[in-house]
Amino acid sequence: MSVTLDLAAHNSNAPTVDPAALFAAPKQQLVGLDRADLLEALGSLGVPEKQRRMRARQLWNWLYVRGVSDFDSMSNIAKDLRSRLADAYSIERPEIVAEQISQDGTAKWLMRFPASSPTEQPVDVETVYIPEADRGTLCVSSQVGCTLTCTFCHTGTQKLVRNLTADEILAQILVARDRLGDWPDQETPAGMTAPAGDVRAISNVVLMGMGEPLYNFDHVKKALLIASDGEGISLSKRRITLSTSGVVPQIEKCGAETGVMLAISLHAVRDELRNELVPLNKKYPIAELLDACRNYPGVSNAKRITFEYVMLKGVNDSLADAKELVRLLKGIPAKINLIPFNPWPGTRYDCSDWDQIERFADVVNRAGYASPVRTPRGRDILAACGQLKSESERIPAWKKRAISAALAGEDMDTHDAAHLAARSDAEAE
């Protein structure tokens, strides 16, 4: 967002900003509203109560079955209502800032969402698509940045900017379906790889992108319930997996209110090491986390919890670690997903040797646990597990105060004014 200031209109301590020129609030998104919200929106536009349920069903179908992104395409809705909807709401997709296709067919999109208030700026989010012969998996982000600072994760080097809203989480699915031709009567575009035959391009969704989903639970829950609605996008809840680093108080609630599959980002079997790798462990240690897993609603051999374990050379990959992992998970219907570490610029870790990964897996397999080794995908475009990171950054506090003062018609703080003047001089040069 560019800002033009007239520094000559006031003294140097109080530059003026035209609030109208500074920020134009975007229209509310219709995507991300549930059925009750749609009924309320239609009521606010003067749609008679007797028509609202029918109109809500039509909108739902256009948005989540047909995948339209402009109101003019909604041919069974009257032009007058389409016009009122377009005046009040948006169904536009976020901008795709960059698209990268890996040698193995993995696709990564950098999407830009507009600012929603004067003190914010547009944010960039990465979403990854992994095609396989029998399924297509979309890795979705729930936050811009992250608060958890897991030391092996690239996203952890970026501070949290903000939570994503339900519409922004859903938009990642809609954009991916656009690009993959995953709507009715569409074909996979040239250059894209998708499963063959009758398999949907996006059959699985994993909340394993940027951020901790359980620290944004309300928006994540709303998005997942819409995505799994049988009359819309219609993803099976058994094909949606939410991965958490271990926000223990939210785990039972997640299972009870969403019904999706659970994955735990574990990565260590001793609290001392997990405190380093996953600092959240200092608040919710391994024993508490595993108790929450044992009580996850619906957990069974048919609905196993996935435990993710990144293989770090000389750190957590000994056979003693493997045996302790088996001991810890006793009694929990579980699958153990071994993840070869995916390097990123500046990391201090190395991936375990392949022979050691296989020996580790053998210990786990002999104990009766499925322990697939995740094949690294998209490493050449930094799209693999733990490599995601956007360029979005938090707006400095002084700039927020300066904008707020301008919008209120007040003089800004002397120090903030000096910051702003220095920034304006630098940009002018």
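The structure we're discussing is the one just above.
All figures in this text were calculated on a predicted structure; none of them were measured in a lab. (Residues numbered from 1 in each chain as written. Predicted model: local features only at pLDDT ≥ 70, side-chain atom pairs only at ≥ 80, totals over all residues. Heavy atoms only, no water.)

Caption draft 1: Broad picture of the environment of Gln58. Residue placement: Gln58 occurs in helix α3 (residues 49-66). Under the relative-accessibility criterion, Gln58 is labelled buried at 14%. Residues Gln58 and Ile77, spaced 19 residues apart in sequence, show a C-alpha to C-alpha distance of 7.7 Å. Apart from residues no more than four positions distant in its own chain, Gln58 is found in contact with Asn76 and Ile77. Here Arg55 takes part through its side chain, which lies 2.8 Å from a polar atom of the side chain of Gln58. (Helix = DSSP H or I, 4+ residues; strand = E, 2+ residues; numbered from the N terminus. Buried < 20%, exposed > 50% of the residue type's maximum accessible area, 1.4 Å probe, protein only. Contact = heavy atoms within 4.5 Å. Polar contact = N/O pair within 3.5 Å; in protein donor to acceptor, adjacent residues only side chain to side chain.)

Caption draft 2: Structural view of helix α7 (residues 248-258). Within the span of α7, buried status applies to Val248, Ile251, Cys254, Gly255 and Thr258. Along α7, the residues classed as buried sweep out an arc of 105° about the axis, all on the same side. Residues of α7 that are exposed and point more than 90 degrees away from the buried face comprise Pro249, Glu252 and Ala256. Along its buried surface, α7 packs onto α6 (217-227), β10 (240-244), β11 (261-265) and α9 (286-294). A positive phi of about 75° marks Gly259, the residue just after α7. (Arc of directions from axis to C-beta.)

Caption draft 3: Representation of the packing of α6 against α7 within the structure. Contact geometry of α6 with α7 gives a least axis separation of 11 Å together with a crossing angle of 25°. Taken together, the axes of α6 and α7 are roughly parallel relative to one another. Crossing hand, α6 versus α7: right-handed. Contacts from Phe217, Lys221 and Leu225 in α6 reach Gln250, Lys253, Cys254, Glu257 and Thr258 in α7. (Axes fitted to C-alpha atoms, helices over the stretch in contact; angles between N-to-C directions. Parallel < 35°, antiparallel > 145°, perpendicular 65-115°, else oblique. Left-handed = near helix turned anticlockwise from the far one by under 90°.)

Caption draft 4: Summary view of the pairing of β11. In terms of burial, β11 is largely enclosed, as 5 of its 5 residues are buried. The handedness of the β10 to β11 crossover, carried by α7, is right-handed. Pairing between β11 and strand β12 (residues 305-311): 3 bridges, direction parallel. When the sheet's bridge partners are listed, Ser265 is paired in β12 with Glu308. (Right-handed = clockwise from strand over helix to strand, strands pointing away. Pairing = 2+ DSSP bridges.)

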